[in-house]
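# Inside the fold
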Amino acid sequence: MRNSIRLFMTAAAAALVAGGVFTVTGVAAQDAAAAQPAAGTTFWAKVAANGNLLAASGIGNVNKFGQGRYNLTTDADISRCALTGAINTNGGSDPGPGSASILVGAVDARTLFVRTATPSGPSPRSVDDDRPFSLLIAC
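For the structure given in this document, a descriptive report is provided here. Keep in mind that this is a model prediction, so the values were computed, not measured. (Residues numbered from 1 in each chain as written. Predicted model: local features only at pLDDT ≥ 70, side-chain atom pairs only at ≥ 80, totals over all residues. Heavy atoms only, no water.)

## Considerations on the state of the cysteines
Counted according to the given criterion, the structure contains 1 disulfide. Note on cysteine connectivity: C81 is disulfide-linked to C139, with sulfurs 2.0 Å apart. On the sign convention where negative means left-handed, the S-S torsion of about 100° between C81 and C139 marks this disulfide as right-handed. One end of the pair, C81, is in the loop between β4 (69–74) and β5 (82–87); the other, C139, is in the segment after β8 (133–138), with 58 residues separating them in the sequence. (Disulfide = S-S within 2.5 Å. Helix = DSSP H or I, 4+ residues; strand = E, 2+ residues; numbered from the N terminus.)

Written out as structure tokens, the structure reads:
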């Protein structure tokens, strides 16, 4: 009896896969599907120099943890997405003369690290400086 049930389940699974139908159930499968953004999904944020989140889509939180250093938390797994960022004005005010730089990198699947600087400024601003920035994540 056990072997016939096992044979039936194996045949049913093979038929479903061969027919192009495949169903996954369970909490783990649902969580994995929910964590991955759909292709073509875009997340973005506009962040003030002090770390205030001015506007965003898909970015839930900004944690400013040092001069020119920010962690941003996303709503989904972005490990397969492209990350870009740019220094910009803060609500229309000019952030100052000189050059500016930004580094955007992944800390983990849902957290980004952003580091801003003013290379033309005096030390330590040339390495780390609070700058307003915008972030774009394309998946």
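There is more to say after this.
## Thoughts on the packing of aromatic side chains
Under the criterion given, the structure shown has 2 aromatic pairs. On the basis of an interplanar angle of 40° and a centroid distance of 6.1 Å, the ring pair of F65 and F113 is categorised as tilted. Here the residue F65 occupies a position in strand β3 (residues 59–66), and F113 occupies one in strand β7 (residues 111–117), the gap between them amounting to 48 residues. For F113, a relative accessible area of 18% puts it in the buried group. (Phe/Tyr/Trp six-rings, centres within 6.5 Å; stacked < 30°, edge-to-face > 60°. Buried < 20%, exposed > 50% of the residue type's maximum accessible area, 1.4 Å probe, protein only.)

Just distances and angles here, no functional claims.
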